[in-house]
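Residue-level structural notes
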Amino acid sequence: MAHKSCYASARYIFFCRPLLLIPVWTVFLLLYDFEYSNSPFTFEQLLNLTLISSLTASGYVINQIFDRRSDSINNKLGFLEPPISLKLSFAWTLYAALILSSYVFAFNHIELLAPFSASVIVGLLYSAPLFRGKDRPFAGLVLNAIPYSVIIWWALVAQERGAIEAFALMSPTSAQTLSSLVCALGGIYLITTIPDMSGDAKTNKQTIAVRFGPRVALKGAVGLLFGSLLFGVLADSMALYVTAAFATALSVVALLTGKSGHMLLAAKAPILVLSAFVAYQHPAYGVFLLALVALTRLYYQKRFGIVYPKLA
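Quick caveat: nothing in here was measured; it's all calculated off a predicted structure. (Residues numbered from 1 in each chain as written. Predicted model: local features only at pLDDT ≥ 70, side-chain atom pairs only at ≥ 80, totals over all residues. Heavy atoms only, no water.)

Overview of the packing of aromatic side chains
In total, this model carries 19 aromatic pairs according to the counting rule given. Here Y12 and F90 contribute two aromatic rings whose centre-to-centre distance is 4.9 Å and whose plane-to-plane angle is 45 degrees, an arrangement assigned as tilted. Here F90 lies in helix α5 (residues 88-106) and Y12 lies in helix α1 (residues 2-15), a separation of 78 residues in the sequence. Ring geometry for Y299 and Y300: centres 5.5 Å apart, planes at 85 degrees, overall edge-to-face. In this structure Y299 comes out as buried when scored by relative accessible area, which is 5%. Taking relative accessible area as the criterion, Y300 reaches 7% and is therefore assigned buried. Through successive ring pairs, a cluster of aromatic residues spans F14, F15, F79, Y299, Y300, F304 and Y308. For the cation-ring pair, R136 lies above F131, with the distance from its terminal atom to the ring centre recorded as 5.0 Å. (Phe/Tyr/Trp six-rings, centres within 6.5 Å; stacked < 30°, edge-to-face > 60°. Helix = DSSP H or I, 4+ residues; strand = E, 2+ residues; numbered from the N terminus. Buried < 20%, exposed > 50% of the residue type's maximum accessible area, 1.4 Å probe, protein only. Lys NZ or Arg CZ within 6 Å of the ring centre and 35° of its normal.)

Some thoughts on the layout of surface pockets
For the second largest pocket, the calculated volume is near 760 Å³. I13, P18, W25, F288 and L292 are, among the 32 residues lining the second largest pocket, the residues nearest its centre. Elements supplying a minimum of two residues to the lining of the second largest pocket: α1, α2 (22-35), α3 (43-66), α5 and α16 (283-304). Among the elements that take part in the lining of the second largest pocket, α16 stands out by supplying nine residues, more than any other. For the lining of the second largest pocket, the class distribution of residues is 24 nonpolar, six polar and two charged. (1 Å grid on protein atoms, 1.4 Å probe; cavity = no way out; pocket = protein on both sides within 12 Å on 5 of 7 lines; lining within 4 Å. Points joined across faces, edges and corners; volume = space filled by probe spheres on them. Nonpolar A, V, L, I, M, F, W, Y, C, P; charged D, E, K, R; others polar.)

A closer look at the confidence of the model for the chain
Averaged over all residues, the pLDDT of the chain equals 92, while 97% of them reach at least 70. Confidence scores differ between elements of the chain, with α1 showing the lowest mean pLDDT of 73 and helix α13 (residues 214-234) the highest of 98. (pLDDT = per-residue confidence, 0-100.)

Some details on helix α14 (residues 238-257)
Each full turn of the α-helix corresponds to 3.6 residues, which orients residues three or four apart in the same direction. With 20 residues, α14 should cover 28 Å at 1.5 Å per step; its first-to-last C-alpha distance of 29 Å lies within 8% of that length. Every buried residue of α14 is listed here: A239, L240, T243, A244, A247, T248, L250, S251, A254 and L255. On its buried face, α14 sits against α2, α10 (172-192), α13 and α15 (260-281). (Expected span 1.5 Å × (residues − 1). Contact = heavy atoms within 4.5 Å.)

With respect to the packing of α3 against α5
Their axes nearest at 9 Å, the elements α3 and α5 cross at an angle of 155 degrees. Considering their axes alone, α3 and α5 lie roughly antiparallel with respect to each other. You can see that α3 and α5 cross each other, and the crossing is left-handed. When α3 is examined against α5, the residues L47, L51, S54, L55, A57, S58, V61, I62, I65 and F66 are found in contact with a partner set consisting of L88, A91, W92, L94, Y95, L98, I99, S101, S102 and F105. Split by residue class, the contact of α3 with α5 holds 16 nonpolar, four polar and no charged. (Axes fitted to C-alpha atoms, helices over the stretch in contact; angles between N-to-C directions. Parallel < 35°, antiparallel > 145°, perpendicular 65-115°, else oblique. Left-handed = near helix turned anticlockwise from the far one by under 90°.)

In structure tokens, the structure reads:
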């Protein structure tokens, strides 16, 4: 009975896709070290990170709501479908709760309203009808690259520097760092569109891989990841240029071989490398990530009999 109750509670957590929040946490801590290298990580910043994570999770929830058909065709485990079968009404309630919990805090920290609202808007533009950026080639690319870089940086610095003033006060090195992240995230996104081509095409999703083919998507990924390497060198960030060099090499191998395993490795490994750099500076974060991955694998193995996560 206790096991059933535990699994019932865990499904709500995993419905928010916690492993997909790792880029949010890693980038936030990386940018924090760059912007505030001589300052201790405060409780307020931890709360800020928690809230931007909540907003990102709301984007994952609404994406699963509108991607039920293509996820089914691509054999992705959806929590709104059997065997979990969460109610659609619950998904909408959770979506609203994740957003409102962040806004309650932001109304007492007015400068955060702008980056928080940007995060919500991006989530809607990406998944919701009318615009559906996830179904468009270049909109999907931009709406994946910006939230995990520029918006996270904006949420990090807005309260201290001002929501608008933060961009005017951005240093050249900050711009180079963000450019490196935008290119890296864009390149990784392009790779992830390739395994989903079949289901995306059947549901009229026009990703770059569907519209132009997998080789064009991979060539674009190689170009963006190499751009990330160059910007990382300009920013003098070892974490960025080493990760970008590794990611570029993996994407070139995937381009040359065309093997799905190589593509999956090229899409998943870079965030592990970047997270390792961040965990070196923040050991507690490394312990947290290891625990999260272990618990996730245990849950998916016991509940569904599958190995998740895995690199390839």
